[in-house]
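So you can see what is in the structure, the chains are spelled out below.
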Amino acid sequence: MKMTFRPTDCWRWYFDSEYDSLMLEVSSEMLFRSCYPSKMLVPDVFGEFPFSVSDATSYYQFYNSCQLLNLTDSQKIELAINAIVAANFLKPQMPKSWYFSQQPMLYKPKIADIVEVILQEDGQKVCLMVVEAGENASLCIIAQPSFIAMSKTFVFSEAIKVMNDRLKPIQHNIARHSEHLKLEAIS
């Protein structure tokens, strides 16, 4: 696997009130904005702090899991960075499992697993990435461009907590096709 985008000890997190978002400064020319608004974030993030060794380890773990998905490299990077934010900086969430069908076998997910759920309405399969694995429910992020369930649109990297009895491991040969999302550097 060739990865040209590697964390360094110069990376830093900070909260940008203009964008109402947690930012990751990669270099003086490149910033990444997380997709989660301040109301979803824990109070500890409203300052500046380094991108830790633990963050770097998580980045590689999430990025490597993305290889199962048919995403561009930029999308994989974006998903991995948003996964770190979701895992470390989001306020606790309640499960919203009613969108998805219960699976016949209980699955015990692990962090960075790529899983799928099946929509109650139409049986459509949706790809998720597990960012926090719990005993009964897991925090996941959307690992495909978007989907609609019960008239609600879910978008790439959006966080959703799901009961584990709704999750199943993704089949390697059915990773989703992707619309081209662009990862935009803000500078």
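Each value, and the rule that gives it
Residues numbered from 1 in each chain as written. Predicted model: local features only at pLDDT ≥ 70, side-chain atom pairs only at ≥ 80, totals over all residues. Heavy atoms only, no water. Helix = DSSP H or I, 4+ residues; strand = E, 2+ residues; numbered from the N terminus. Buried < 20%, exposed > 50% of the residue type's maximum accessible area, 1.4 Å probe, protein only. Contact = heavy atoms within 4.5 Å. Areas by Shrake-Rupley, 256 points an atom, 1.4 Å probe, with all protein chains shown as cover. Expected span 1.5 Å × (residues − 1). Axes fitted to C-alpha atoms, helices over the stretch in contact; angles between N-to-C directions. Parallel < 35°, antiparallel > 145°, perpendicular 65-115°, else oblique. Left-handed = near helix turned anticlockwise from the far one by under 90°.

Asker: Would you mind showing me how to read the overall build of the protein chain here?
Answerer: Check the secondary structure of the protein chain and you find two helices and 11 strands. Listing every helix and strand of the protein chain by position from the N terminus yields β-β-β-β-α-α-β-β-β-β-β-β-β. Taking all 187 residues of the protein chain together, the buried fraction comes to 51%. If you take every contact in the protein chain between residues at least 6 apart in sequence, the share linking residues at least 24 apart comes to 60%. Split by element, the accessible area of the protein chain, about 9600 Å² in all, is 52% carbon and sulfur.

Asker: Got a minute to help me understand helix H1 (residues 53-65) in this structure?
Answerer: Given 3.6 residues per helical turn, the α-helix brings residues three or four places apart onto the same face. With 13 residues, H1 should cover 18 Å at 1.5 Å per step; its first-to-last C-alpha distance of 19 Å lies within 8% of that length. Of all the residues in H1, the buried ones are Asp55, Ala56, Ser58, Tyr59, Phe62, Tyr63 and Ser65. Check the buried side of H1 and you find it contacts strand S1 (12-16), strand S4 (48-50), helix H2 (73-89), strand S5 (114-118) and strand S6 (125-133).

Asker: Looking at this structure, I do not really get the packing of H1 against H2. What am I missing?
Answerer: When two helices pack together, their arrangement is captured by the angle between the axes and the distance separating the axes. Orientation of H1 relative to H2, taken along the N-to-C sense of each, is 130°, at an axis distance of 9 Å. Classified by the angle between their axes, H1 and H2 sit oblique to one another. Helix-helix and strand crossings are classified by hand; for H1 and H2 the assignment is right-handed. For the pair H1 and H2, contact is made by Asp55, Ser58, Tyr59, Phe62 and Tyr63 and by Asp73, Lys76, Ile77, Ala80, Ile81, Ala83, Ile84, Ala87 and Asn88, respectively.

This is a description of form; function is not addressed.
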